[in-house]
Amino acid sequence: MDSIEYDVLVVGSGAGALTAAITAHDNGGAVLVIEKSDMYGGTSATSGGGIWIPCNHLMAEHGETDSPEAALEYLKACVGDKVSDSRLKSYVQNAPKMLKDMEDNSDVKFVSTPYADYLTEKPGSKDGWRTLDPLPISATRLGKEFLNMRPPHPQTIFGGFTITVNEAKKIITRSKGWKWIMAKLMISYRLDIPMRLKSKRHRRLCLGNALVGRCLTSVFKRDIPIWRSTSLKSLVEKNGKVTGAIVNKNGEDILITTKRGVILAAGGFEHNSDMRNANLPGPTDTNWSATPGQNTGDAHIAAQAVGANLTLMDAAWWGPSVRLPRDDRSRILFAERALPGIYIVNENGKRYLNEAASYDEVGRQLQAHPKTSWVIFDRRAREKYGIGPLYPTAVHPDSKWNNSIKAIVKKSDTIEGLASLMGVDETGLKDTVKKVAKYSETGVDEDFGSGSTSYDKYYGDPSVTPNPCLAPLLKAPFYAFPVYPGDIGTKGGVDVDINAQALNKNGRPILGLYATGNTASSVMGYTYPGAGSTIGPAMTFGYVAAKHAMGANS
């Protein structure tokens, strides 16, 4: 077996992994990155690309302030006792350092956004500016490697191009200027003839593609090698210390020895049916996940084999999902649930949750409900908004539905007929229609408080009053499709300390082994404090791990 030596081996090529690689290199390390698939970027490349960073320096541009005390108070209120105070403090302390370091020394750039924390009723929360979005970047800067980066999730693509979160908000809610945004993007996409001859992908990269693209340009400038199509087989341990790993590159086993450490950042286990069934609460199904199919828990298994303790294995980043038969993964209903006239009902035809709450909260409530739930809406909402797999009627009329959409979307001219097609209780559904009509008129959702918080209102329709999240179901035809407790990744994994060192079952560090991202047990515990709570910690603890491995922690 061939052998090669590096200071640091990074397993995975998402944002957390690449942040670790950049940081280790900049602190004097010789670094190798390996990627299981033939494409860079992991789940990060298909994500929204946002990061949740309290006390970030960018919010000052908007006249906003934050404090470590408020951020820690909020995290403690959200997470409870599921994560140690020392680890929460480590995140609050190191997240803004990571951001500043990456912005100062790499191509990774962000903008602070008015995206409210998800649990604004908790003490220490903010109505915006802790969430950061990556600035768009041109694919030209990646050269030929662009087509080796994982494409965006299908649901983030509008006619071939991706858009930023702020652009999406305007388009989704039909806010002033949305038509100009769409026209400008469509024209630039269609006139880019050189790229159209190579790919359907847009040269302007946004969201997760922008974040990973910026990380990759930074890696390539440093000549850090990334081996694609290279999987982790096992970790190598000697005298209680991890000294490397055996990897398989294009069918050949290679021993990678490490002087400083191995950093695991290979995603979760959401596409491993056995691990899901053994750990996640039911019902559960790999088909409900919105992530790429390569996340099968390889790093979890390898870490456990050298004594690592795994925690929070029953947790995931939940979200209500819909799966078209033709798609290779599910679509998460991130925003449209907050729009007026779109509701979720159970088998009794009744609402049982606040549809405008965070997608994690809605997903967890779906997960706790054993029977199929349904998204329902009427012609008014259908014509005006994009809902799940359906674009607004003007660009995607019912007559153009393909067989994949016809297989899941139900349509009827009456509420009674819709209830029959859904297989739900007709009386219950009619009662729901009466209730939402009343709540839409008063502006108060007496059952679940939809539209009562700043987060709820963020994706509501400001043109609808008195509540931007409520509208009656009045205009036929009426529509429905099934919704499931999906996920954007599992969040249980290797238990780690404040330096992202893997811990054994006795709570002691395993020397030479680190974990971050969804390979690690989440610092957010069972909760989802704000947009970017997945990638923010992945990048932060990738940064912390690399500095600790290189002996550079401040």
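The model shown is predicted, which means the values in this text are computed figures rather than measured ones.

Caption draft 1: Expanded view of the pattern of salt bridges. Scanning the entire structure with this criterion turns up 26 salt bridges. Note that Arg-326 is salt-bridged to Asp-327, the shortest N-O span being 3.8 Å. Judged by relative accessible area, Asp-327 falls into the buried class, the value being 14%. Via salt bridges that share partners, Asp-66, Asp-117 and Arg-130 belong to a single interconnected network.

Caption draft 2: Seen up close, the side chain of Asp-398. Mapping Asp-398 onto the fold places it in the loop between helix H12 (379-384) and helix H13 (403-406). Within the structure, Asp-398 has its side chain in polar contact with the side chain of Arg-382 (distance 2.9 Å). In this structure the side chain of Asp-398 is engaged in a polar contact, spanning 2.6 Å, whose partner is the side chain of Tyr-479. In this structure, Asp-398 is in contact with Arg-382, Lys-411 and Tyr-479, ignoring residues within four places of it in sequence.

Caption draft 3: Fine view of unusual backbone geometry. The amide bond that connects Gly-282 to the next residue, Pro-283, takes the cis arrangement and shows omega of -5°. Mapping Pro-283 onto the fold places it in the loop between helix H9 (273-279) and helix H10 (298-305). Each neighbour pair has its own omega, and for Thr-465 with Pro-466 the value is 5°, a cis peptide bond. Looking at the secondary structure, you find Pro-466 in the loop between helix H16 (454-458) and strand E20 (478-490).

Caption draft 4: Looking closely at H10. Here H10 has its buried residues at Ala-299, His-300, Ala-302 and Ala-303. Within H10, the buried residues cover an arc of 165° as seen down the axis, which keeps them to one side. Looking one or two residues beyond H10, the residue adopting positive phi is Gly-307, at roughly 100°.

Caption draft 5: Spatial organisation of the packing of aromatic side chains. Scanning all chains against the criterion turns up 19 aromatic pairs. Their ring planes at 70° and their centres at 4.8 Å tell us that Trp-317 and Tyr-528 sit as a pair that is edge-to-face. Residue Trp-317 is found in strand E15 (residues 316-322), and its partner Tyr-528 is found in the loop between strand E23 (509-515) and helix H17 (535-549); the two are separated by 211 residues along the sequence. This pair shows no difference in class: Trp-317 is buried, exactly as Tyr-528 is. Ring centres of Tyr-458 and Tyr-459 lie 4.9 Å apart, and the angle between their planes is 85°; on these two criteria the pair is classed as edge-to-face. Residues Tyr-458 and Tyr-459 agree in their burial class; the two are buried. Of the aromatic side chains, those joined through ring pairs into one cluster are Tyr-115, Tyr-118, Trp-317, Phe-334, Tyr-359, Tyr-455, Tyr-458, Tyr-459 and Tyr-528. When the ring centre of Trp-227 is taken as reference, the NZ or CZ atom of Lys-249 above it lies at 4.1 Å. A cation over a ring is seen here: Lys-491 above Trp-317, with NZ or CZ 3.8 Å from the ring centre.

What counts, and at which threshold
Residues numbered from 1 in each chain as written. Predicted model: local features only at pLDDT ≥ 70, side-chain atom pairs only at ≥ 80, totals over all residues. Heavy atoms only, no water. Salt bridge = Lys/Arg side-chain N within 4 Å of Asp/Glu carboxyl O. Buried < 20%, exposed > 50% of the residue type's maximum accessible area, 1.4 Å probe, protein only. Helix = DSSP H or I, 4+ residues; strand = E, 2+ residues; numbered from the N terminus. Polar contact = N/O pair within 3.5 Å; in protein donor to acceptor, adjacent residues only side chain to side chain. Contact = heavy atoms within 4.5 Å. Arc of directions from axis to C-beta. Phe/Tyr/Trp six-rings, centres within 6.5 Å; stacked < 30°, edge-to-face > 60°. Lys NZ or Arg CZ within 6 Å of the ring centre and 35° of its normal.

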